Amino acid sequence: MAKPPDRSSTEARWPVLISIIGLGGSSLALPEPLVLGPRWLIPAGVGVLLVPTVWAYFSGRHRLDKILGYGISVIVTLALVGSLARLIESVPSMTQAMISLLCIAILASRAIGLL
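Please read these numbers as outputs of a predicted model, since none were measured by experiment.

Engineer: With reference to specific residues and values, describe the overall build of the protein.
Structural biologist: Within the protein one finds six helices and zero strands. Along the protein, helices and strands appear, N-terminal first, in the series α-α-α-α-α-α. Sequence separation of at least 24 residues holds for 55% of the intrachain contacts in the protein that already meet a minimum separation of 6.

Engineer: Please give an account of the packing of helix 2 (residues 14-24) against helix 4 (residues 41-58) that cites residues and values.
Structural biologist: Where helix 2 meets helix 4, the axes come as close as 9 Å, and the angle between the chain directions of the two elements is 160 degrees. As far as their axial angle goes, helix 4 and helix 2 are roughly antiparallel. On helix 4, the residues touching Leu-17, Ile-20, Ile-21 and Gly-24 of helix 2 are Ile-42, Pro-43, Val-46, Leu-50 and Val-54. Broken down by class, the residue content of the contact of helix 2 with helix 4 amounts to eight nonpolar, one polar and no charged.

Engineer: I'd like a rundown of the pattern of salt bridges, residues and numbers included.
Structural biologist: Pairs may arise between side chains of opposite charge once their charged atoms sit close together. Going through the model one piece at a time under the given rule, you end up with one salt bridge. Arg-39 is the partner of Glu-32 in a salt bridge, and the nearest nitrogen-oxygen pair spans 3.0 Å. Relative accessible area serves as the criterion here: at 45%, Glu-32 is assigned to the partly exposed category.

Engineer: Run through the nonpolar core, naming residues and quoting values.
Structural biologist: Counting nine residues, the largest nonpolar core consists of Ile-20, Ile-42, Val-46, Leu-49, Leu-50, Leu-68, Ile-72, Val-76 and Ala-79. Mapped onto this core, the elements with two or more residues apiece are helix 4 and helix 5 (62-90). In this structure Val-46 touches Ile-20, Gly-24, Ile-72, Ile-75 and Val-76, once residues within four positions along its chain are discounted.

Engineer: Outline the packing of aromatic side chains, supporting the account with residue identities and numerical values.
Structural biologist: Given two aromatic rings, their pairing is described by the distance between the two centres and the angle made by the two planes. In this structure the tally under the stated criterion is one aromatic pair. For the pair Tyr-57 and Phe-58, a centre-to-centre distance of 5.1 Å together with 75 degrees between the ring planes defines the contact as edge-to-face. Given a relative accessible area of 8%, Tyr-57 falls into the buried group.

Engineer: Give a detailed account of helix 5, specifying residues and quantitative values.
Structural biologist: Compared with the 42 Å implied by 1.5 Å per residue over 29 residues, the 42 Å span of helix 5 between its first and last C-alpha is a close match. Within helix 5, burial applies to Asp-65, Leu-68, Ile-72, Val-76, Ala-79, Gly-82, Ser-83 and Ser-90.

Engineer: Just give me the short version of the side chain of Ser-83, but keep the residues and values in it.
Structural biologist: You can see Ser-83 is positioned in helix 5. Those residues in contact with Ser-83, other than ones at most four positions away along the chain, are Leu-30, Leu-34 and Leu-36.

Engineer: Which residues make up the packing of helix 4 against helix 5, and what values go with them?
Structural biologist: Their axes nearest at 8 Å, the elements helix 4 and helix 5 cross at an angle of 165 degrees. Our classification of the angle between helix 4 and helix 5 gives roughly antiparallel. Two packed elements cross with a definite hand, and for helix 4 against helix 5 that hand is left-handed. Taken together, the residues of helix 5 that come into contact with helix 4 (itself represented by Ile-42, Gly-45, Val-46, Leu-49, Leu-50, Pro-52, Thr-53, Trp-55, Ala-56 and Tyr-57) are His-62, Leu-64, Asp-65, Leu-68, Gly-69, Gly-71, Ile-72, Ile-75, Val-76 and Ala-79. Among the residues making up the contact of helix 4 with helix 5, the classes are represented as 14 nonpolar, five polar and one charged.

Cut-offs and rules
Residues numbered from 1 in each chain as written. Predicted model: local features only at pLDDT ≥ 70, side-chain atom pairs only at ≥ 80, totals over all residues. Heavy atoms only, no water. Helix = DSSP H or I, 4+ residues; strand = E, 2+ residues; numbered from the N terminus. Contact = heavy atoms within 4.5 Å. Axes fitted to C-alpha atoms, helices over the stretch in contact; angles between N-to-C directions. Parallel < 35°, antiparallel > 145°, perpendicular 65-115°, else oblique. Nonpolar A, V, L, I, M, F, W, Y, C, P; charged D, E, K, R; others polar. Salt bridge = Lys/Arg side-chain N within 4 Å of Asp/Glu carboxyl O. Buried < 20%, exposed > 50% of the residue type's maximum accessible area, 1.4 Å probe, protein only. Core = buried A, V, L, I, M, F, W, Y, C linked by side-chain atoms within 4.5 Å. Phe/Tyr/Trp six-rings, centres within 6.5 Å; stacked < 30°, edge-to-face > 60°. Expected span 1.5 Å × (residues − 1). Left-handed = near helix turned anticlockwise from the far one by under 90°.

Below, the structure written as structure tokens:
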């Protein structure tokens, strides 16, 4: 009986790569008070893990690919949670950066048709 093809070998990887790069670069778009650490830290961390993840996938080391993928998810999630915590912390003072961020969010949501 023929073995069915491995699902991981038939999935397209480029949509995932684009979304991970976008999430990793989200710290570059945030105002300085919301970013944890230097602006380059999160994109660099994601990039450092993304290159071996792609290599592991194409070389057939799927366990390593999965572990590195979890590492990328942890970095991005912690960065987003930290930025959210800083945003919530600064809402009572509503600094100028937060007001400009709110205006950008409103304009962006109208541009994509959410409001």
